[in-house]
Amino acid sequence: MTRLWLRHEVRSTERRAAVVPTDAARLVAAGHQVTVEQSPQRVFPIEEYLTAGCRIAPAGSWVDAPADAYVIGLKELPDEPAALRHRHVYFAHAYKGQHGAADLLRRFTAGGGTLLDLEHLTSEDGRRLVAFGYWAGYTGAALAILHLRGTLAVPLRPGSRADLDVALATPGERPRVLVVGALGRGGRGARDACAVAGIQPTPWDIAETSRFDRPALLAHDILVNAVFSTGPVTPLLIEADLDDPASDLRVISDVTCDVTSDCNVLPVYDQVTSWQEPARALRRGERPVHIIAIDNLPSLLPWEASAAFSAELGRYLLDLDSAPWQRAARRFHTAVKENVHA
């Protein structure tokens, strides 16, 4: 019997669930024991998990879960305990030199636990198998368009796609939008959001970025970055671009948010933005430029994003000994060795 433990998310703006009730029911039917922590913010009521056959536990009780449990979440762990002894499944963002990554890996080393980073649950050819990219791209593009139009309601609040689409479809300015990484999950989402707003975006992917045309990039009002990079690359923008008198750029939406990583393709800002302040000025005056860089964009559409993600993840949770999980474990052990010798 495999024990799965769905933890409460400590981030107050995180309303998504890695496993939704319908998929939890399938896991229970397959013979897994599924425990779900109570959470006042999760978009799915705890009663739905109880009906699905799950066990219910208090928020944060995963620290006392059986040692063989897989603790499943989405975003960051709390700062305690200092030693992590379980197998943790979530987006840790710990392998690209991000801020705090080394400390996190030391916590796993101290407790003998294992990180199975969902970003590195991949196929044999390196393709990511589960991701929120589509809804991140959709929301990131939508926020940029609404902000440029002056109709973005702040602070941001979670809602439904239907409500967001009403706001996007309301007549308003149709800016020139460039989507970089247009053929990936995030890029497809961004292009679909543009379509709802009546905008035909310029799609760039590998072919266009390999013969980079900076003046063409700066000829757009909005840049949506949906590039997923695994190593250092040529930046899309540098500081000088923001001061270029020929630039028309007004809003940058960084869906990827690799801000503290060596893989950052937008080294023109150094802090993510928030639901309280989604857009921050990089340049003011007559030619203002704003950055939107929210690292949990899909949580603004928690039901839709969770349902799509859980459908993907649920298939792999049925067999946690399969090759993708083994690859994720090997990536973790490699990162630990690199951290020790750093």
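Everything numeric in this text was worked out from a predicted model, so none of it was measured. (Residues numbered from 1 in each chain as written. Predicted model: local features only at pLDDT ≥ 70, side-chain atom pairs only at ≥ 80, totals over all residues. Heavy atoms only, no water.)

### Description of the pairing of strand β7 (residues 177-180)
Then, in step 1: Taking every second residue as pointing to the same face, both faces of β7 are buried, with V177 and V179 on one and L178 and V180 on the other.
Then, in step 2: Relative to strand β9 (residues 222-225), β7 runs parallel, the two sharing 4 bridges. Its bridge partner lying in β9, V177 is registered against I222.
Then, in step 3: As defined by bridge partners, β7 adjoins strand β8 (residues 202-204) across 3 bridges and the pair is classed as parallel. Paired with V180 across the bridge in β8 is W204.
Then, in step 4: A crossover connection joins β7 to the parallel β8 through helix α6 (residues 185-196); in handedness this β-α-β unit is right-handed. (Buried < 20%, exposed > 50% of the residue type's maximum accessible area, 1.4 Å probe, protein only. Helix = DSSP H or I, 4+ residues; strand = E, 2+ residues; numbered from the N terminus. Pairing = 2+ DSSP bridges. Right-handed = clockwise from strand over helix to strand, strands pointing away.)

### Some words on the side chain of H32
Then, in step 1: Following the sequence through the fold, H32 ends up in the loop between α1 (21-29) and β2 (33-37).
Then, in step 2: Judged by its relative accessible area of 10%, H32 is buried.
Then, in step 3: At a separation of 2.9 Å, a polar atom in the side chain of H32 contacts the main-chain carbonyl oxygen of L317.
Then, in step 4: Excluding residues that lie within four positions of it along the chain, H32 makes contacts with T2, L4, L27, L317 and L318. (Polar contact = N/O pair within 3.5 Å; in protein donor to acceptor, adjacent residues only side chain to side chain. Contact = heavy atoms within 4.5 Å.)

### With respect to the nonpolar core
Then, in step 1: Residues L118, L168, F309, L313, L317 and W325 are the most contacted members of the largest nonpolar core, which totals 66 residues.
Then, in step 2: Take this core: its biggest share by element is 10 residues, from helix α4 (residues 133-149).
Then, in step 3: Apart from the residues within four sequence positions on either side, L118 is in contact with G73, V89, Y90, F91, V130, F309, L313 and W325.
Then, in step 4: Formed by 21 residues, the second largest nonpolar core is a distinct cluster that contains L266, V268, Y269 and I291. (Core = buried A, V, L, I, M, F, W, Y, C linked by side-chain atoms within 4.5 Å.)

### Some thoughts on the sheet that holds strand β11 (residues 279-283)
The strands that make up a sheet pair up through hydrogen bonds in the backbone, lying either parallel or antiparallel.
Then, in step 1: Across the sheet, 6 strands lie side by side as β8-β7-β9-β10-β12-β11; this open sheet has mixed pairing. Looking along the sheet, the strands with just one partner apiece sit at the ends: β8 and β11. Here the average twist between neighbouring strands, direction ignored, is 20°.
Then, in step 2: In the sheet, strand β10 (residues 251-254) pairs with strand β12 (residues 289-292) via 3 bridges, with the strands oriented parallel. For I252, the partnering residue across the bridge sits in β12 and is I291.
Then, in step 3: Along the sheet, α4 makes contact with β9, β10, β11 and β12, crossing β10 at roughly 160°. (Axes fitted to C-alpha atoms, helices over the stretch in contact; angles between N-to-C directions.)

### With respect to α4
Then, in step 1: Helix length check: α4 (17 residues) gives 24 Å between terminal C-alpha atoms against 24 Å at 1.5 Å per residue, within 8%.
Then, in step 2: Burial analysis of α4 places 14 of its 17 residues in the buried class, the great majority of the element.
Then, in step 3: Following α4 by one or two positions, G150 adopts a phi angle in the positive range, close to 80°. (Expected span 1.5 Å × (residues − 1).)

### Points about the sheet that holds strand β3 (residues 55-57)
Then, in step 1: With parallel pairing, 6 strands are arranged side by side in an open sheet as β3-β2-β1-β4-β5-β6. Looking at strand neighbours, the two that pair on one side only are β3 and β6 (114-117), the edges of this open sheet. Between one strand axis and the next, the sheet turns by 25° as a mean value, whatever way the strands run.
Then, in step 2: As paired strands, strand β4 (residues 70-72) and strand β5 (residues 87-90) are joined by 3 bridges and run parallel to one another. Note that in β5 the partner of I72 across the bridge is V89.

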